[in-house]
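Reading the structure
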Amino acid sequence: MDKLEQAFDFRHACKKFDNTKKISQQDLEYILEAGRQSPSAFGLEPWHFVIVDSENIKKELHTVCYNQEQVTTCSHFVIVLYRKANNFTLQSEYLRQTIARTLPDANDQTAIDDACQSIINFYQHGLANGLTINHSSEMQDYIACANMLTAAAYRGIDSCTIGGFQHDGVVQILGKYMPKFSRESFGVGLCLAFGYRINEPESHTRWPLANITTYLTESN
Ligand SMILES: Cc1cc2nc3c(=O)[nH]c(=O)nc-3n(C[C@H](O)[C@H](O)[C@H](O)COP(=O)(O)O)c2cc1C
């Protein structure tokens, strides 16, 4: 197996971490960097990563994550927020600044207006199957999450995806500890617990490729 295959094999949904072991800042940033480098629609990076290493805040999160032990035993708990639709209006500073980065003249307000408007038009008319902007952002969070999970495994760090959380409960805790948090602008996409395993995992259960793939070729 090459290193990437080893990482995929190593990663599993870790149910209990060794709470005496902490991830170094360097390793943590390696993981977050994998999230930052992830692809996003129009390059709008509709995410924000909240990193929790406070034991007290983890205890509060534990109760709104259905008392899952991963939350209190992990080294770092990452709440992956998604940007809601109000970040993607013509007046939104976030959209304007994100677009301005890509223009030859970052101060050309007309060019910024035009580029923003074409994205807004797409969001109004082009999203498939009635998808909302909020849902589209949330789906993109999952791409960043997948990359972070793999990056962690690549460094020998365990993880657990935590989709089992009460959205409003997490939002309430964020409101308490994160002065800049706005529930109008952000939703909680997914949470990720990172740390070091205490037990060896079972081997992965997966369908063989033949069961989950269909090739469309010239012979069809
Ligand atoms: C969207 C999503 C939500 C999940 N939520 C939880 C969770 O709340 N708690 C948990 O222990 N595992 C959670 N998992 C992990 C899955 O249960 C796990 O990946 C799956 O059972 C396969 O096991 P493996 O990853 O160890 O191969 C979640 C995975 C995904 C993709």
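Here the structure is shown first, and the text comes after it.
What this report covers is the structure whose coordinates are included nearby. (Residues numbered from 1 in each chain as written. Predicted model: local features only at pLDDT ≥ 70, side-chain atom pairs only at ≥ 80, totals over all residues. Heavy atoms only, no water.)

1. Details of the layout of surface pockets
So the rule is basically this: Both site types are read off a 1 Å grid over the protein atoms alone. A 1.4 Å probe that fits but cannot get out defines a cavity, while an open set with protein on both sides within 12 Å along at least five of seven lines defines a pocket; lining residues have an atom within 4 Å of a point. Grid points are joined across faces, edges and corners, and a volume is the space filled by probe spheres set on the points.
Taken as a whole, the largest pocket holds about 230 Å³ of empty space. If you go around the largest pocket, you meet 14 residues; those closest to its centre are His12, Ala13, Lys15, Pro201 and Glu202. As a volume, the second largest pocket reaches approximately 170 Å³. Leu32, Arg36, Glu45, Trp47, Phe49, Arg83, Tyr94, Gln97, Thr98 and Arg101 together form the lining of the second largest pocket.

2. What to know about the sheet that holds strand E1 (residues 47–52)
Keep this limit in mind: A pair of strands is considered paired only if DSSP assigns at least 2 bridges between the two. Strands are runs of DSSP state E lasting at least two residues, helices are runs of H or I lasting at least four, and both sets are numbered from the N terminus onward. Every axis in this analysis is a line fitted to C-alpha atoms, fitted for helices over the stretch in contact. Angles between the N-to-C directions lie between 0 and 180 degrees. Residues count as neighbours in contact if any of their non-hydrogen atoms are within 4.5 Å of one another.
Read across the open sheet, the four strands follow the order E1-E2-E4-E3; overall the sheet is antiparallel. Both outer strands of the open sheet, E1 and strand E3 (158–162), are each paired with one neighbouring strand and no more. Neighbour-to-neighbour, the strand axes of this sheet turn through a mean angle of 25°, independent of strand direction. Of the pairings in the sheet, the one linking E3 to strand E4 (residues 186–195) comprises five bridges and is antiparallel in character. When the sheet's bridge partners are listed, cysteine 160 is paired in E4 with alanine 193. Across the face of the sheet, helix H2 (residues 25–36) comes into contact with E1, strand E2 (76–83) and E4 while running at roughly 165° to E1.

3. Remarks on unusual backbone geometry
You will see that glutamate 45, though not glycine, has its phi angle at about 40°, which is positive. Examined against the element boundaries, glutamate 45 turns out to sit in the loop between H2 and E1. Of note in the backbone geometry, asparagine 67 takes a positive phi value of approximately 55° without being a glycine. Tracing the sequence through the fold places asparagine 67 in the loop between helix H3 (55–64) and helix H4 (69–73).

4. Here's the deal with the packing of aromatic side chains
This is how the line gets drawn: Classification of ring pairs uses Phe, Tyr and Trp, with its six-membered ring standing for Trp, and accepts pairs whose centres are within 6.5 Å; under 30 degrees between planes counts as stacked, over 60 as edge-to-face, and the remaining range as tilted. Buried, partly exposed and exposed residues are distinguished by accessible area as a fraction of the type maximum, computed with a 1.4 Å probe on protein chains only: under 20%, between the cut-offs, and over 50%, respectively. We call a charge positioned over a ring when the NZ of a Lys or the CZ of an Arg lies within 6 Å of the ring centre and within 35 degrees of the ring normal.
Throughout the structure, instances matching the rule amount to six aromatic pairs. When the centroid spacing of 5.4 Å and the interplanar angle of 75° are considered together, the rings of phenylalanine 42 and phenylalanine 122 count as edge-to-face. Of this pair, phenylalanine 42 sits in the loop between H2 and E1 while phenylalanine 122 is found in helix H6 (residues 109–125), placing the two residues 80 residues apart along the sequence. Note on phenylalanine 122: relative accessible area 38%, which makes it partly exposed. A ring pair is formed by phenylalanine 42 and tyrosine 123, whose centres lie 5.9 Å apart and whose planes are at 85°; its orientation type is edge-to-face. Linking phenylalanine 42 in the loop between H2 and E1 with tyrosine 123 in helix H6, this pair joins segments that are 81 residues apart in sequence. By relative accessible area, which is 43% here, phenylalanine 42 ends up partly exposed. Following the ring pairs from residue to residue traces out a cluster consisting of Phe42, Phe88, Phe122 and Tyr123. A cation over an aromatic ring shows up here: arginine 83 above the ring of tyrosine 94, its NZ or CZ 3.4 Å from the ring centre.

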